[in-house]
Amino acid sequence: MRLLTLNDFDLKGKTIFLRVDMNCPIDPNTMEISGTKRIEEATTTINAIKDSKLVVASHQGRVGNKDYTGMEKHAKVLEKLLNRKIKYVQDIIGEAAQTEIKNLKDGDILLLDNLRLCAEENYEFSPADAAKTIMVKRLEKLFDLCVLDSFPSAHRSHPSIVGFAHVLPACAGKIVEREVRKLDEIMTVAKAPHVIVLGGSKVDDRLEAIKMLIKKGRADHVLLTGLIGNVFMRAQGRIRAPLGIKREEEIVAKAHALIGEYPDVFSTPVDVAVDKDGSRVELDVRDLSREDTIYDLGPKTVDYYNKLISGAGTVFISGPPGYFEKEEFSFGTKGILEGIANSMATTIVSGGHLTSALKRYGLIDKINHISTAGGALVLYMTGETLPMIQVLEEAAQRHRSK
Ligand code: 3PG
């Protein structure tokens, strides 16, 4: 393993900063956590750290978005899952947090509040500059070790991800260790043609990554679904009504430029399913009206995408193709996942929603790698070194040259 892991350190009695990714879906009506997968994942490393003073930290949502909340509910879920007391402080770098950290006893676990409450955590820094932030300056002296386990945010160079690891001994947690090991293995056997199936809602992030994937020869066909599919269909002039997303014109223009640059790479749906008075209605994309909201792929699109998938050497899917949680709109997600599971390709599935879908359709054992990450994994697939992996590599070099 090129990174250090928990096995490289004596953890007993140490005060440990553990960066996890407990960024969960939040129901906008109740503000309750609607899927606890990421918290369940965080328990793997927490359980592996015993007899230490453990400080756990994560972000939740983005400032200004509907899923931006404090971490009190995460603390309750964590407590239940671990069956251990979790101390929670509504603070990150102030007196209250510092006092709680100093008062920890071996075996205690403290959860800090949403890291993005701290302004610095919403900006990207080089590791050296991140180490100069107030967050890192105030807290670093309280910690003996930094454990990075938030693989889904490995592409962010925020202070909690690259700052502490620049100045403290640092290692990968269990999730990062598993992901890196497995992905390194897969990337050495991954063969062309590379088929990428992209859905999900973080469209702007994805557009940058798609370009890199194509340039690096890691995306021979990009099959678009979900909101990003709608953006491309709007760029093609096949959807005329605005989609109602932030910075829509700019994003559609970027998609338009990509289609112009790589005309043979992108496929968009030919038919879709919409909701008419509570029922599924399938339509040719040409027949969509301004009032229609797309919830799923239609059968012609699933067939067409699955033909490309069956000829692939590697298939990577990120973001569900439809609103599969509703039975009547699950056809596309189920059909595409079955196509992927039954193909001869090396297969990688990314993100919590698709993991739940795989479980629901009994396909989990037919996939080569299921990753916790979304955007971070898309970037990892480009072959770029992610900021978190880079600081962990540097920490390993420092440790080994001592
Ligand atoms: C994710 O869910 O992709 C990660 O938690 C990163 O979140 P972000 O895109 O808001 O940085």
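Relevant structure appears above.
Residues numbered from 1 in each chain as written. Predicted model: local features only at pLDDT ≥ 70, side-chain atom pairs only at ≥ 80, totals over all residues. Heavy atoms only, no water.

Participant: Explain the overall build of the protein chain residue by residue, including any values.
Facilitator: When helices and strands are counted, the protein chain shows 15 helices and 15 strands. Taking 21 Å as the expected radius of gyration for a compact globule of 402 residues, we find that the protein chain reaches 22 Å, a close match to that expectation. Each of the three principal axes of the protein chain carries a C-alpha extent, and together these read 65 × 45 × 40 Å. In the protein chain, which comprises 402 residues, the share counted as buried stands at 56%. Summarising the internal contacts of the protein chain: among those between residues at least 6 apart in sequence, 74% fall at separations of at least 24. A total accessible area of about 17,400 Å² is found for the protein chain, and carbon and sulfur atoms account for 50% of it. (Helix = DSSP H or I, 4+ residues; strand = E, 2+ residues; numbered from the N terminus. Rg over C-alpha atoms; globule rule 2.2 N^0.38 Å. Buried < 20%, exposed > 50% of the residue type's maximum accessible area, 1.4 Å probe, protein only. Contact = heavy atoms within 4.5 Å. Areas by Shrake-Rupley, 256 points an atom, 1.4 Å probe, with all protein chains shown as cover.)

Participant: Would you mind going over the nonpolar core in detail, with residue names and values included?
Facilitator: Counting 75 residues, the largest nonpolar core has Phe151, Phe164, Val176, Val222, Phe232 and Phe266 as its most contacted members. Residues from two domains meet in this core; each of domain 1 (6-176 + 384-400) and domain 2 (190-371) gives at least three. Phe164 has contacts with Phe17, Met135, Val136, Leu139, Glu140, Phe143, Cys146 and Pro159, leaving out every residue within four places of it along the chain. Ranked by size, the runner-up nonpolar core spans 28 residues in total, among them Val20, Ile39, Ala42 and Met71. (Core = buried A, V, L, I, M, F, W, Y, C linked by side-chain atoms within 4.5 Å. Domains from an automatic or database assignment.)

Participant: Account for the sheet that holds strand β10 (residues 271-276), with residues named and values stated.
Facilitator: The strand order across the open sheet formed by three strands is β11-β10-β12, and the pairing between neighbours is antiparallel. Unpaired on one side and paired on the other, β11 (279-284) and β12 (294-297) mark the two borders of the sheet. Neighbouring strand axes in the sheet, compared pairwise and without regard to direction, differ in orientation by 40° on average. Bridge count between β10 and β11: six bridges; the pairing is antiparallel. Paired with Val272 across the bridge in β11 is Leu283. The strands touched by helix α12 (residues 331-341) within the sheet are β11 and β12, with β12 carrying the most contacts at an inclination of about 30°. (Pairing = 2+ DSSP bridges. Axes fitted to C-alpha atoms, helices over the stretch in contact; angles between N-to-C directions.)

Participant: Residues and numbers for the site of the ligand, please.
Facilitator: Surrounding the ligand, one finds Asp21, Asn23, Arg38, His59, Arg62, Arg116, Pro152, Arg156 and Lys202. A distance of 2.7 Å separates an oxygen atom of the ligand from a polar atom in the side chain of Asp21. Expressed as a share of its isolated accessible area of 310 Å², the protein-covered part of the ligand is 93%. Class assignment of the residues belonging to the shell around the ligand gives a composition of one nonpolar, two polar and six charged. (Near = heavy atom within 4 Å. Polar contact = N/O pair within 3.5 Å; in protein donor to acceptor, adjacent residues only side chain to side chain. Nonpolar A, V, L, I, M, F, W, Y, C, P; charged D, E, K, R; others polar.)

Participant: Could you give an account of the pattern of salt bridges, naming the residues involved and the relevant values?
Facilitator: With the rule as written, the count across this model stands at 28 salt bridges. Among the ionic pairs, Lys254 bridges to Glu208, the shortest N-O distance being 3.6 Å. Of the two residues, Lys254 is situated in helix α10 (residues 248-261) and Glu208 in helix α8 (residues 203-215); the sequence distance between them amounts to 46 residues. Assessed through its relative accessible area of 27%, Lys254 is described here as partly exposed. Exposure remark for Glu208: the relative accessible area of 46% places this residue in the partly exposed category. (Salt bridge = Lys/Arg side-chain N within 4 Å of Asp/Glu carboxyl O.)

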